[in-house]
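# Reading the structure
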Amino acid sequence: MKVDILKLVVFVSIFISCNNEDDFFNPNAERIPPVFNVPTNFADPNLNQQAKDLYKRLINSTQKGIAFGQQQPFGTGNNFPVTNQLENDFFEVVGDYPAIAGFDLELIGLQPDTDSNVAFLLDEFINQFTAAIKKAHENGSIITISWHHVNPRGFGTPNDGSFNNVVKGFLEGGEFRELYIRRLARAARLLNNLVDANGNSIPVLFRPWHEMNGDFFFWGEGFRTTQEYIQLWQDTIQILSEDFNVHNLLYVYAPNFVGSRAEYLKNYPGDQFVDILGIDVYDFRNRRFLTTAIRNLEIVENISIEKNKLFALTETGLTNVVQHNWFTESLYKAIRASSISYVMIWRNDMTTFFHAPFLGHPAAQNFTEFLDKEEILLSSDIP
């Protein structure tokens, strides 16, 4: 019996040791970001000067620290939805604005076409959307936009067949090609409307077709071929830039968390079609976040150095921040020695779905402690 108990103790000790995430955290590791060169070529050959300047700005800020951002820190908030009103959950807690402010084009797919009889409804949507972006830009935040495309077959699920071959349908000769181009026309109308008070173009970190290695979007694994995905990515750039004269976008390639370098590069559309590398890693409360984040950031950093491209933790978060010291004990440990240019947590919708603590939340103090770290940059810290 004593022998059996001893074996059990040893097994438990080994199990705990192997599952202790702090084993993968090196408190002595230093953040020494490489010096990236300004690219001579961008994904958009006719990229405007404001977007080129943003890339230079990110190169400089990366040497200083890690820009911190949140998806939709303006425009939703915990009173979501509030029409035509910017909520300030982030500012109320922090007293500053995020260095990165994220938005999403999902609803553009549900708007009328540019040449329809009710195109004024599209313009109303665009005006509301761009007003929020312009406000964020005025507050000093760098803008990033993702695009959760609406499935043209409706709101189906990965298992009902409605995701199959949608990407193929978006390509030349496909059943959804015309619809796809009409959506890009609406997006272009919005993106070309992004100008500041002085009439200058507002540059955007554009992150389309993200998390393509997952199986939860119609552009994900199992619903299209790798070559079809790559063609879709390249078509998106070509149509926006050549057909609709959108020249304020830096294109960000961002898979979901990966297990290897090969997985990261499987759907990579080519150096000439990507400006910034990204990776999305969430904390699912499975005791693997720190390990997964550190390993993934190492994979992407090595690739970024080889390709002379900035990289970022483009999405992360712990839903509802149920671990009240998560920002200092999990996120900070995951990124503090990484050379990422920025990190962005997901959005706040309501008190039952959020990723940044609001006033009165027990994680608010830990959040501000994290943001006070020397390496973490807010809008007022970006050079």
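Scroll up a little and you will see the structure.
Residues numbered from 1 in each chain as written. Predicted model: local features only at pLDDT ≥ 70, side-chain atom pairs only at ≥ 80, totals over all residues. Heavy atoms only, no water.

Moving on, we come to helix 7 (residues 226-243). Residues spaced three or four apart along an α-helix face the same direction, because each turn holds 3.6 residues. Taking 1.5 Å per residue as the helical rise, helix 7 with its 18 residues ought to reach 26 Å, and the 25 Å between its terminal C-alpha atoms agrees with that figure. Taken together, the buried positions of helix 7 are Glu228, Tyr229, Ile230, Leu232, Trp233, Gln234, Asp235, Thr236, Ile237, Ile239, Leu240 and Ser241. Turning to helix 7, the residues buried within the fold contact helix 5 (166-170), helix 6 (177-191), strand 4 (204-208) and strand 5 (249-253). (Helix = DSSP H or I, 4+ residues; strand = E, 2+ residues; numbered from the N terminus. Expected span 1.5 Å × (residues − 1). Buried < 20%, exposed > 50% of the residue type's maximum accessible area, 1.4 Å probe, protein only. Contact = heavy atoms within 4.5 Å.)

Let us look at the packing of helix 10 (residues 326-335) against helix 11 (residues 364-371). One way to put it is that helix 10 packs onto helix 11 with a least axis distance of 8 Å and a crossing angle of 30°. Considering the angle they form, helix 10 stands roughly parallel to helix 11. Residues Trp326, Phe327, Thr328, Leu331, Tyr332 and Ile335 of helix 10 lie in contact with helix 11, whose contacting residues are Asn366, Phe367, Glu369 and Phe370. (Axes fitted to C-alpha atoms, helices over the stretch in contact; angles between N-to-C directions. Parallel < 35°, antiparallel > 145°, perpendicular 65-115°, else oblique.)

Looking at the element boundaries, Asn348 is found in the loop between strand 8 (342-345) and helix 11. On the basis of relative accessibility, which here comes to 3%, the residue Asn348 falls in the buried class. Residues Asn348 and Pro73, 275 residues apart in the sequence, show an inter-C-alpha distance of 7.3 Å. Within the structure, Asn348 has its side chain in polar contact with the backbone nitrogen of His355 (distance 2.9 Å). (Polar contact = N/O pair within 3.5 Å; in protein donor to acceptor, adjacent residues only side chain to side chain.)

With that settled, the discussion passes to the pattern of salt bridges. Within the structure shown, the criterion is met by 14 salt bridges. Here Glu221 ties to Lys266 by a salt bridge, and the two come within 3.5 Å at their closest N and O atoms. One end of the pair, Glu221, is in the loop between strand 4 and helix 7; the other, Lys266, is in the loop between helix 8 (261-265) and strand 6 (276-280), with 45 residues separating them in the sequence. For Lys266, a relative accessible area of 44% gives the class partly exposed. Across the salt bridge formed by Glu306 and Arg261, the nearest N and O atoms sit 2.8 Å from each other. Residue Glu306 is found in helix 9 (residues 289-307), and its partner Arg261 is found in helix 8; the two are separated by 45 residues along the sequence. The class of Glu306 is exposed, set by a relative accessible area of 52%. Several salt bridges share partner residues, and in doing so they unite Asp113, Glu178, Arg182 and Arg186 into one network. (Salt bridge = Lys/Arg side-chain N within 4 Å of Asp/Glu carboxyl O.)

As a further point, take the nonpolar core. Grouped together as the largest cluster of nonpolar side chains are 90 residues, with contacts concentrated most on Phe68, Ile145, Leu331 and Ile335. Here the element with the most residues in this core is helix 9; it accounts for eight residues. Once you skip the residues sitting within four places of it in the chain, Leu331 turns out to touch Phe68, Phe289, Leu313, Thr316, Trp326, Val343, Ile345 and Phe370. Residues Leu54, Ala99, Ile276 and Tyr342 belong to the second largest nonpolar core, which totals 24 residues. (Core = buried A, V, L, I, M, F, W, Y, C linked by side-chain atoms within 4.5 Å.)

Moving on to a nonpolar patch on the surface. Together, Leu107, Leu110 and Phe155 line one region of the surface with nonpolar side chains, adding up to about 370 Å² of accessible area. On the secondary structure map, Leu110 appears in the loop between strand 2 (100-104) and helix 4 (119-138). (Patch = residues over 30% accessible without salt bridge, like charges linked within 9 Å, V, L, I, M, F, W, Y side chains within 5 Å. Areas by Shrake-Rupley, 256 points an atom, 1.4 Å probe, with all protein chains shown as cover.)

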